[in-house]
Amino acid sequence: MSENIVSAPGCSAEKQIEKKIEKELKRRKSSIKSINERVAKLRKESVETEVKISSERAKLITEFYKSDLPKGKSIPVQRALAFRYLLEHCSLPIEDGQLIVGLRGTGVKEVPSYPEICVHSMADLEILNSRKNMPYKVDEDTKELYKDKIIPFWKGRAMRDILFENLPQEWIDAYEAGIFTEFMEQRAPGHTAGGERIFKMGILDIKEEIKRKMGELDSSDPEYYEKMEELKAMDIVADAILIYAKRYAEELEKMAEAEEEKDPKRKEELKQMAEICRWVPAHAPRTFWEALQHYWFIHVGVTYETNPWDSFNPGRIDQHLYPFYKKGIEEGRLTREKAKELLQCFWLKFNNQPAVPKVGVTGEESFTYNDFSKLNIGGLTKDGSDGVNEVSYLILEVLSEMRTLQPNTAVQISNKTPDRFLIEALKVVGPGFGEPPFFNFDGVIVKMLRQGKTLEDARTSGCSGCVETGAFGKEAYILTGYFNLPKILEITLNNGVDPRTGKKIGIETGDPRNFKSFDELWDAYIKQVKHFMDIKMKGNDIVEALYAKYLPVPFLSLWIEDCVKNAKDYNGGGARYDTQYIHLVGLGTIADCLAAIKYHVFDKKTFTMSQLLEALKNNFEGYEMMWEILRNPDKTPKFGNNDDYVDEIAKRVVDTVVEIIESYPPTSVRKASRRAYFFPTTCHVYFGKVTGATPDGRKAGFPLSDGVSPVQGMDRKGIAAVFRSVAKCDWDETGGALLNQKLTPDLFDNEENIKKLAQLIRTFFRLGGHHVQFNVISAELLREAQRRPQDFQDLMVRVAGYSDYFVNLPKGLQDEIIARTEQKIF
Amino acid sequence: MVKGVIFDIKRYAIHDGPGIRTTVFMKGCPLNCWWCHNPEGISPKPELMYFEFKCIHCHTCVKVCPLNAINFDENEVQHIDREKCNGCGICAEFCPTSALKLVGRVITLEELTTEVEKDIKLYDDSGGGVTFSGGEPLVQPQFLKEALKACKERYIHTALDTSGYAPREILKSIMPYVDLFLYDLKLADEREHEKYTGVSNKLIKENLKFTIENGRAKDIILRFPVIPGITDTEWNVKGWVKFLSNLRGLQEIDLLPFHDVGEKFHRLDKEYKMEVHHAPSEETLKWIKEEFEGIGLEVKIGG
Ligand code: SF4
Ligand code: SF4
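Keep in mind it's a predicted model, so treat the numbers as computed, not measured.

A.B. asks: Help me understand the overall build of chain B in this model?
C.D. replies: What chain B contains, in helices and strands, is 11 helices and 13 strands. Since a compact globule built from 303 residues should have a radius of gyration of about 19 Å, the 20 Å found for chain B is in line with a globular shape. Dimensions of chain B, computed from the C-alpha atoms along their principal axes, are close to 60 × 45 × 35 Å. Counting every position in chain B, which comprises 303 residues, the buried fraction comes to 55%. When contacts within chain B are restricted to residue pairs at least 6 apart in sequence, long-range pairs at least 24 apart make up 69% of them. Carbon together with sulfur atoms contributes 50% to the accessible area of chain B, which is approximately 13,400 Å² in total. For chain B, the distance from the average site of its 39 positive side-chain charges to the average site of its 47 negative ones is 4 Å.

A.B. asks: Is there a simple way to think about the packing of helix α11 (residues 224-259) of chain A against helix α12 (residues 264-279) of chain A in this case?
C.D. replies: Residue and element names in this part refer to chain A. The contact between α11 and α12 brings their axes to 8 Å, and the two run at 165°. With respect to α12, the element α11 is oriented roughly antiparallel. Crossing of α11 over α12 shows left-handed handedness. Contacts between α11 and α12 involve Ala245, Lys246, Tyr248, Ala249, Glu250, Leu252, Glu253, Met255, Ala256, Glu257 and Glu259 on the former and, on the latter, Arg266, Lys267, Leu270, Lys271, Met273, Ala274, Cys277 and Arg278. Considered class by class, the residues forming the contact of α11 with α12 number 10 nonpolar, no polar and nine charged.

A.B. asks: What is the right way to look at the site of ligand 1 in this model?
C.D. replies: Neighbouring ligand 1 are 15 residues; Cys55(B), Cys58(B), His59(B), Cys61(B) and Cys95(B) lie closest to it. Class assignment for the residues of the shell around ligand 1 results in 10 nonpolar, five polar and no charged.

A.B. asks: Would you mind going over the sheet that holds strand β7 (residues 105-108) of chain B with me for this structure?
C.D. replies: Two pairing modes exist for strands in a sheet, parallel and antiparallel, and in both the strands are linked by backbone hydrogen bonds. Residue and element names in this part refer to chain B. An order of β7-β1-β2-β8-β9-β10-β11-β12-β13 is seen for the nine strands of this open sheet, with the pairing classed as mixed. Each having just a single partner strand, β7 and β13 (298-301) make up the two edges of the open sheet. With direction set aside, neighbouring strand axes in the sheet form an average angle of 30°. When strand β12 (residues 252-257) meets β13, the two strands line up parallel, connected through four bridges. Each bridged residue has a counterpart across the sheet, and for Glu252 the counterpart in β13 is Glu298. Helix-sheet contacts for helix α11 (residues 282-294) involve β11 (220-226), β12 and β13, and the interaxial angle to β12 is about 165°.

A.B. asks: Looking at this structure, I do not really get the sheet that holds strand β12 (residues 673-677) of chain A. What am I missing?
C.D. replies: All names here are of chain A. Pairing is parallel in the open sheet, where three strands are placed in the order β8-β11-β12. Two strands lie at the open edges of the sheet, namely β8 (475-484) and β12, each paired on one side alone. Taking each pair of neighbouring strands and ignoring which way they run, the sheet shows an average axis angle of 30°.

A.B. asks: Sorry, what's going on with helix α8 (residues 202-216) of chain B here?
C.D. replies: Counting along an α-helix, one turn takes 3.6 residues, and residues three or four places apart therefore face a common direction. Residue and element names in this part refer to chain B. Between the first and last C-alpha of α8 there are 20 Å, a value that for 15 residues agrees with the 21 Å anticipated at 1.5 Å per step. Ile204, Lys205, Asn207, Leu208, Phe210, Thr211, Ile212 and Arg216 are the residues of α8 that are buried. Looking at the packing, one finds that the buried side of α8 touches α6 (168-174), β10 (180-184), α7 (190-197), β11 and α9 (234-245).

A.B. asks: Would you mind showing me how to read the pattern of salt bridges here?
C.D. replies: Pairing between side chains of opposite charge can happen when the charged atoms of each approach one another. Inspection of every chain in the model, using the stated rule, returns 92 salt bridges over all chains. Where Glu784(A) meets Arg788(A), a salt bridge forms, and the shortest distance between an N and an O atom there is 2.9 Å. Glu784(A) gets classed as buried once you look at its relative accessible area, which sits at 15%. A residue is classified by how much of its surface remains accessible, and Arg788(A), at 32% relative accessible area, is partly exposed. With its nearest N and O atoms 2.5 Å apart, the salt bridge here joins Asp179(B) to Lys152(B).

A.B. asks: I'm lost on unusual backbone geometry in this one. Help?
C.D. replies: Most peptide bonds take the trans configuration, and most residues that are not glycine carry a negative phi. Cis geometry is adopted by the peptide bond preceding Asp562(A), which originates at Glu561(A) and carries an omega value of 0°. Relative to the elements of secondary structure, Asp562(A) occurs in the loop between α23 (554-559) and α24 (563-566). Omega for the bond connecting Gly134(B) with Gly135(B) falls within 30 degrees of zero, at 10°, which places this linkage in the cis form. Structurally, Gly135(B) can be placed in the loop between β8 (129-134) and α5 (141-153). A positive phi angle, close to 55°, is found at Asn495(A), a residue other than glycine. Its identity is not glycine, yet Ala567(A) carries a phi of approximately 50°, on the positive side.

A.B. asks: Sorry, what's going on with the domain arrangement of chain B here?
C.D. replies: All names here are of chain B. In terms of domain boundaries, chain B breaks down into domain 1 (3-44 + 105-301) and domain 2 (47-103). Contacts between the two partners involve nine residues from domain 1 and, on the opposite side, nine residues from domain 2. Overall, the association of domain 1 and domain 2 removes approximately 830 Å² of surface from exposure, summing both partners, and the carbon and sulfur fraction of that is 52%. Area buried by domain 1 at its contact with domain 2 is led by Arg267, Leu268 and Asp269, which between them contribute 61% of it. Applying the counting criterion to the domain 1 and domain 2 interface returns three salt bridges. Asp269 is paired through a salt bridge with Arg82; the nearest N and O atoms lie 3.0 Å apart. Seen at the junction of domain 1 and domain 2, the total is five residue pairs in polar contact (both at pLDDT 80 or more).

A.B. asks: Would you mind showing me how to read the site of ligand 2 here?
C.D. replies: Inspection of the region around ligand 2 gives 13 residues, with Cys65(B), Cys85(B), Cys88(B), Gly89(B) and Cys91(B) positioned closest. Its residues placed into classes, the shell around ligand 2 shows 10 nonpolar, three polar and no charged.

A.B. asks: Would you mind going over the nonpolar core with me for this structure?
C.D. replies: One recurring pattern in soluble globular proteins is that nonpolar side chains are buried together. Of all hydrophobic cores here, the largest spans 287 residues; its most connected members are Phe288(A), Phe438(A), Phe483(A), Leu558(A), Phe678(A) and Phe774(A). In this view, Phe438(A) contacts Val411(A), Ile413(A), Leu422(A), Ala425(A), Leu426(A), Val429(A), Ile761(A), Phe765(A), His770(A), His771(A), Val772(A) and Phe774(A); residues no more than four positions away in its chain are not counted. Met26(B), Tyr123(B), Ala147(B) and Tyr183(B) belong to the second largest nonpolar core, which has 52 residues in total.

A.B. asks: How do you make sense of the interface of chain B and chain A when you look at a structure like this?
C.D. replies: In many analyses, interface size is given as the accessible surface area lost on bringing the parts together. Between chain B and chain A, the residue contacts involve 38 residues of the former and 27 residues of the latter. Between chain B and chain A the total buried area reaches about 2,800 Å² when both faces are included, carbon and sulfur atoms providing 57% of it. If you sort the residues of chain B by the area they bury against chain A, Tyr12(B), Ile14(B) and Asp125(B) come out on top, with a joint share of 22%. Here chain B is connected to chain A by two salt bridges. Linking chain B with chain A are 13 residue pairs in polar contact (both at pLDDT 80 or more), by the criterion used here. Elements with a contribution of two residues or more to the side of chain B that touches chain A: β1 (3-13), α2 (90-94), β6 (100-103), α4 (120-126) and α10 (262-267) of chain B.

A.B. asks: Just checking my understanding: could you explain the confidence of the model for chain B for this structure?
C.D. replies: Low-pLDDT portions of the prediction should not be read for the details of their coordinates. On average, residues of chain B carry a pLDDT of 93, and 100% of them reach 70 or more. The complex model carries a pTM of 0.88, and its ipTM stands at 0.73.

A.B. asks: Before we go on, may I ask you to explain the confidence of the model for chain A in this structure?
C.D. replies: Residues with a pLDDT of 70 or more make up 98% of chain A, whose mean pLDDT is 93. Residue range residues 1-11 of chain A is modelled with pLDDT below 50. Its contacts to residues more than four positions away, or to other chains, number 26 contacts.

Rules behind the numbers
- Residues numbered from 1 in each chain as written.
- Chains lettered and ligands numbered in written order.
- Predicted model: local features only at pLDDT ≥ 70, side-chain atom pairs only at ≥ 80, totals over all residues.
- Heavy atoms only, no water.
- Helix = DSSP H or I, 4+ residues; strand = E, 2+ residues; numbered from the N terminus.
- Rg over C-alpha atoms; globule rule 2.2 N^0.38 Å.
- Buried < 20%, exposed > 50% of the residue type's maximum accessible area, 1.4 Å probe, protein only.
- Contact = heavy atoms within 4.5 Å.
- Areas by Shrake-Rupley, 256 points an atom, 1.4 Å probe, with all protein chains shown as cover.
- Lys, Arg positive; Asp, Glu negative; His and termini not counted.
- Charge placed at Lys NZ, Arg CZ, Asp CG, Glu CD.
- Axes fitted to C-alpha atoms, helices over the stretch in contact; angles between N-to-C directions.
- Parallel < 35°, antiparallel > 145°, perpendicular 65-115°, else oblique.
- Left-handed = near helix turned anticlockwise from the far one by under 90°.
- Nonpolar A, V, L, I, M, F, W, Y, C, P; charged D, E, K, R; others polar.
- Near = heavy atom within 4 Å.
- Pairing = 2+ DSSP bridges.
- Expected span 1.5 Å × (residues − 1).
- Salt bridge = Lys/Arg side-chain N within 4 Å of Asp/Glu carboxyl O.
- Domains from an automatic or database assignment.
- Buried area = accessible area lost by both parts, 1.4 Å probe.
- Polar contact = N/O pair within 3.5 Å; in protein donor to acceptor, adjacent residues only side chain to side chain.
- Core = buried A, V, L, I, M, F, W, Y, C linked by side-chain atoms within 4.5 Å.
- pLDDT = per-residue confidence, 0-100.

Right under this line is the structure:
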């Protein structure tokens, strides 16, 4: 039998737990590898500096818009001039000892704000400054500035205000009820990754392209004016980044000058860095170092232009960097050690740029400093051969040595990926900081082909953000909001009324007590889903149109194909592929809820619908027996145990919801196709808060299941059973689905187990799974960390598609992670 | 249709032979080892197990038992009258929290093969298969043979986890369908074996020799439970070393460290005779490992 062995009498349970925790901590400690002095110093600074809000950007952009500079200009040109103004005047921080320059903001972890998108109120600033978890420190000067200059100017002009002004009441009602969220209320679209273009093109090449395109524009084209303005804007932002790099080169030269006697080695380095800044981004990079610096300038540009979701990322980085690496090694100008040090410096640049502060619902759906930049390694090359190379292994090493919150990684596994790579990556997972996650690359290709991408574009795709599949460098795949599937069942069971507020926000689909069969309930539920999807989709069209009009992003557009070619902005449909996503939350919960009703009310008649409704209304108080039965996996079918009864329901939910989403016509401006993702970030906690007791035995307010994982603690048959259940759904018709698994640390004690886990992952992918990530950590250790947070400041766990410091998480989310099943068997 | 009695089917097992496996736990065993890890496998009949920590004291079980075999005393301690109880399982069916669980059920060959077939892909990918364990599978020879055959027809690797305590004829009849024997060795001395397991070890030793004589030495993995104060004595280990050194062709022995399962005995109202409750020390495992390595065996800990 598979239950746990109980502790021996005479040896107290506490003692055993203590010993277990001790062993686990020892293992974690012993896995920490040493890094060189420079990197160690930079890392310390990067990890220990507290996060602050820097007012510089807000000040500059307000100055610009108040000045005469934008007067009489088109919106894209205004945005471009604003960008140039920012890069002409921003400070130029250089971390002591760094080899890569450029930071958005005034220093390490000093986060700029974007009042033209979301202007924080004084109350927001107070909360950000003083909250216990994840604070953003705000100094008095910044508060002053906000009070006197920023808020008065931007109130009513910020995108957030414009959006809420234009969205209809039914949208507001559903949003407030927690049926869905809106991604673009505080952050700009982005959700994309760089491709080959970045590593092959210099700004001067792009300026050439822009010039050519301007010459080709036909004045009889009805969009001639818009296109010309967009191209002008692109040209201005191209100049802007050249100015920025030149300013850095000068700064570095000045520093080198001053360095003179003190440290001749650093002096040399600074000179070399200045030379690099004089070459990139103007020209395409020639060396490994230049490639990293080149990308970083672009990264800073994209994340300084707006506050785009998921910041930005270099995409399939091992493939982009490999030619530079190979050439450097062959010519004897680069060593493996030097390449690694450069990558480590590069790594810390990401960590030095925490996510912008989010407040309200956005804060709840994405409560983290992590800005989701994701470096993809492995997969296939564009001609379809195995993509793993020496840089892939280097990156795994860097990942395991750096252990910083950012950047994130994605290990892409295809049938052609060698076992060695998979096993090396699993060994990084072992010590337990949540990275890296594993992706099914063959599945990525199928998804892309299904959406009509070319084979080559599919092979150069990857996963960004949490688990989002996209054609890197060629697609605007905009995420628009989370969608609460269980909440809609609650509304169905109340005939259109939200019991939390008593407001009728759904449609009338009948009193469920009169339903004769499960199918009647199903039909009612689907009608409600469609009703809310209609509202969300209409809202999406409005939001998209407003962003296209008011917030073009000419700088990002330089890098995503074919924006220049089409003379169209990224936010206005310029990319080669345009897609729009809804992210469904609570699949495990909704599958278990529907299965519980089908099983107990209609099949077994354990209790009646009205008894169930009474129990839900009373949060199961006075209905303890029913509650026990509903949450007992022996008595009620539960997703995640390879049980067709409920797995079929999960599959049906996925198929039906995907069909509904894809049935909408292309979007208003970008003509994007509509698609589905299944992942929650931290939204399952927020959605849980607004959802009452559910028929799966979940009490009111508790988190929903995360991603496509089974409900916390309900998967009792081991990890392979979870894989089986999850793989029954057709993830190829979605853009990705997130699966979390928690493994007991002992499993990593022996090499054999790691090999078996590798096999299981391959099987999962062969069956159609999209993604899996692991927390290798015991509930005991997590509880200890809750008790003594001061001693566990650096304990990192996997949350959704990213890792975070456990003690920084809100309590509800901490409890949710503890409640996840700790898989002791495969 | 042949039927068998099992008490569990564990899928995705990784400790019962190579790769990822499905382990079928068959009920009934002629031995009665003090340290038995699966005491619910000893009796051939279905039995009730009571998990006190799950019980919410709703007394549903008391109400539904047709034979009045369950009651709670004034301290709310549950008592099952094992004499009266016929193992119908009604109480377990109604118990909301699964505090009561019936272990043991009859299964047809067809049901078993359906279950086993579900993971063929996994076996293929991982080099796994099906393991028959228990209990002692050889107690149900006919069912076992048919089940093994069914696996072989589907090209599934088979393993038999056995005490070796069975009539020669039975062993012989199933031998062609077994790819791997997981063969348990407990006490080398006959009297001690009787004391701690209830039966003599003569047959076990002879059957091992017989298996080897049939050319199957390479298909045997020996399994040696390391029970503090019982099997881990110098006398016992040396006894086995001596016995094994006369056998040819054996390759591997796995040491299975003891862990305490007193609670399981308690759940079945069975007497637990073990006085030692701790796992063997690292040093103990190390010297036993070296002893067996001394006669050319590969030794794994855990297995
Ligand atoms: S039915 Fe189950 S939970 Fe209720 S008293 Fe009996 S054993 Fe306990
Ligand atoms: S198994 Fe049957 S006879 Fe035994 S206690 Fe339960 S209900 Fe009574």
